Amino acid sequence: MKTLQITGYGKIENNLAFAEVNIPKVGNNDILIEIHAASVNPIDYKIVEGALKRAIKLTFPTPIGYDVSGIVIKKGEDVTDFELNDEVFARVPRERNGTFAEYIAVDSSVVAKKPNNLNFVEAASIPLVGLTTIQVFEKANMKSGDKVLIHAGSGGIGTFAIQYAKSKGAYVYTTTSTKNVDWIKNLGADRVIDYKKENYLDIVKDIDIVYDTLGKNYTIDAFKVIKSGGKVISIIGELDDETAKELGLNSFIRFLLSLKRMKITKQAKKKSAMYKFVLMQPNASQLDDITVLIEKQSLKPIIDKVFDLDKAIDALLYLKEGRAKGKVVIKMK
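Residues numbered from 1 in each chain as written. Predicted model: local features only at pLDDT ≥ 70, side-chain atom pairs only at ≥ 80, totals over all residues. Heavy atoms only, no water.

Visitor: Break down the sheet that holds strand β1 (residues 2–6) for me, citing the residues and quoting the values.
Guide: As summarised here, the arrangement of the three strands in space is β2-β1-β4, forming an open sheet in which the pairing is antiparallel. The open sheet terminates on both sides in strands that have one partner only, identified here as β2 (16–20) and β4 (62–63). Pairing between β1 and β2: five bridges, direction antiparallel. The residue bridging Thr3 from the neighbouring strand is Ala19, located in β2. (Pairing = 2+ DSSP bridges. Helix = DSSP H or I, 4+ residues; strand = E, 2+ residues; numbered from the N terminus.)

What follows is the structure in structure tokens.
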């Protein structure tokens, strides 16, 4: 089968190559998915560039890609939740990744049946951004009436998170550029801040939750806009100690990380606030919850651009440009 592989760390265009490999074998609890589509996420190109070397150890060549939708064509003898020809979607585990390919074998426990009202391209766009958002807001214990700031509202995470937060009754602030303001309003955001004309720090005050998708100074500034006792949940900022332990990092590295997040720790203490880095985990039950919202039309996928498998490297380069409105998807079938 055809698959895209990472051949080393560095520039995207120099460290990815297609290869022909055997179709994966199926274990007792696995299903073999004929891949119809796979979406592209920032973690994919960041892994290639070496940004996650400390957390994710690779042996080259290694596969790439986490989001998938497709059809079950084979299953292990202990699999009871799926039948052949079932249409499914998933965010596959890190140790079983490789969705930029024609087939993938994955433990059936992380797979869910695809929403009936989505095609494969739309379904592939959902798992990573959907699961990340659910797990962020669960960690923040978001409830109806909470005021939430979601940066980069026009991106893959932002477009999903706005819709999800609104479906749960939150009041949503978001940031975007001038050309996207009306479009983001139509997604349901209550206050869309045009960052080219307005400073969100002048507008957002005493809110409950910041969904930090940008990191760096945005993480620090999040504590300026939350209320006392508020919550800053990050998917890109510095690791908190609990997450570092979950990743198996040793005490010396955790000490170095504690130094890196000193500003965050100081700001969180001033506001009696919670800071947490969320490392998303595959979860079929949460995908089922998303399916319910999609089939009720409370959520809809937002697709920016679709590439064929042989243009997967171009898809990664395009996503890295940072101009995508919604998700970038690779189509195999």
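The rest of the description comes next.
Visitor: Explain the environment of Thr80 residue by residue, including any values.
Guide: Residue position: Thr80 is located in the loop between β5 (67–75) and β6 (87–91). The exposure class of Thr80 is exposed, given its relative accessible area of 64%. Along the backbone, Thr80 and Asn29 are 51 residues apart, and their C-alpha atoms lie at a distance of 9.0 Å. (Buried < 20%, exposed > 50% of the residue type's maximum accessible area, 1.4 Å probe, protein only.)

Visitor: Just give me the short version of the packing of helix α7 (residues 217–225) against helix α10 (residues 262–270), but keep the residues and values in it.
Guide: Running from N to C, α7 and α10 point in directions that differ by 5°, and their axes come no closer than 9 Å. Accordingly, the angle class assigned to the pair α7 and α10 is roughly parallel. Across the interface between the two elements, Thr219, Ile220 and Phe223 of α7 pack against Lys263, Ile264, Gln267 and Ala268 of α10. Looking at the contact of α7 with α10, its residues break down into four nonpolar, two polar and one charged. (Axes fitted to C-alpha atoms, helices over the stretch in contact; angles between N-to-C directions. Parallel < 35°, antiparallel > 145°, perpendicular 65-115°, else oblique. Contact = heavy atoms within 4.5 Å. Nonpolar A, V, L, I, M, F, W, Y, C, P; charged D, E, K, R; others polar.)

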